[in-house]
Amino acid sequence: MSTSKIPPEETPEVEGSTASAHQERPDGGVWEHPWAILGLIAVGALTVAAFFVVRIAGW
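Peer 1: Give a detailed account of the overall build of the protein, specifying residues and quantitative values.
Peer 2: When helices and strands are counted, the protein shows one helix and zero strands. Expressed as a percentage of its 59 residues, the buried residues of the protein come to 0%. Of the roughly 6,300 Å² of accessible surface on the protein, a fraction of 64% belongs to carbon and sulfur atoms.

Below is the structure:
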């Protein structure tokens with residue numbers, strides 16, 4: 001047995017591989033979908049405005 005055993009938590013090197021691992025893009029978190037956040041703000045503003053329009057109209 002000429003090859004040494006590799007511990008289970010380690011990945012063996014691949015022969016002939018010249019590519020390095022790519023950098024993973026960091027998680028954007030809440031800012032990943034700014035249009036969704038802007039949409040929620042707009043819907044909330046329109047809801048509050050509609051409430052005041054209904055109150056002024058006397059309903």
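Peer 1: Go over the packing of aromatic side chains with me, naming the residues and quoting the values.
Peer 2: Throughout the structure, instances matching the rule amount to one aromatic pair. Ring centres 5.4 Å apart and planes at 75° place the aromatic pair Phe51 and Phe52 in the edge-to-face group.

Peer 1: Which residues make up a nonpolar patch on the surface, and what values do they have?
Peer 2: A contiguous nonpolar surface patch, about 460 Å² in accessible area, is contributed by Val48, Phe51, Phe52 and Ile56. Relative to the assigned elements, Phe52 resides in helix α1 (residues 34–57).

Reading the values: rules and limits
For every chain, the first residue of the written sequence is number 1, and numbering continues from 1 along that sequence. Local features are withheld for residues below a pLDDT of 70 in this predicted model, meaning they are given only at 70 or higher, and side-chain atom pairs are given and counted only at 80 or more; totals for whole chains, interfaces and linings count all residues. Side-chain numbers here rest on the full set of heavy atoms in the structure, without hydrogens or water. Segments assigned H or I by DSSP are reported as helices when at least four residues long, segments assigned E as strands when at least two residues long, and all are numbered from the N terminus. Partly exposed describes any residue whose relative accessible area lies between the buried limit of under 20% and the exposed limit of over 50%, with all areas from a 1.4 Å probe on protein chains only and scaled to the type maximum. In this description, accessible areas are obtained by the Shrake-Rupley approach with a 1.4 Å probe, and a residue is regarded as covered only by the protein chains that are shown. Any two of the Phe, Tyr and Trp rings considered here, Trp counted by its six-membered ring, make a pair once their centres fall within 6.5 Å; the pair's planes then place it as stacked at under 30 degrees, edge-to-face at over 60, or tilted in between. Each patch groups residues whose relative accessible area exceeds 30% and which form no salt bridge, using 9 Å between like charges and 5 Å between nonpolar side chains of Val, Leu, Ile, Met, Phe, Trp and Tyr. By convention in these notes, a salt bridge is any Lys or Arg side-chain nitrogen within 4 Å of a carboxyl oxygen on Asp or Glu.

Geometry only, nothing functional implied.
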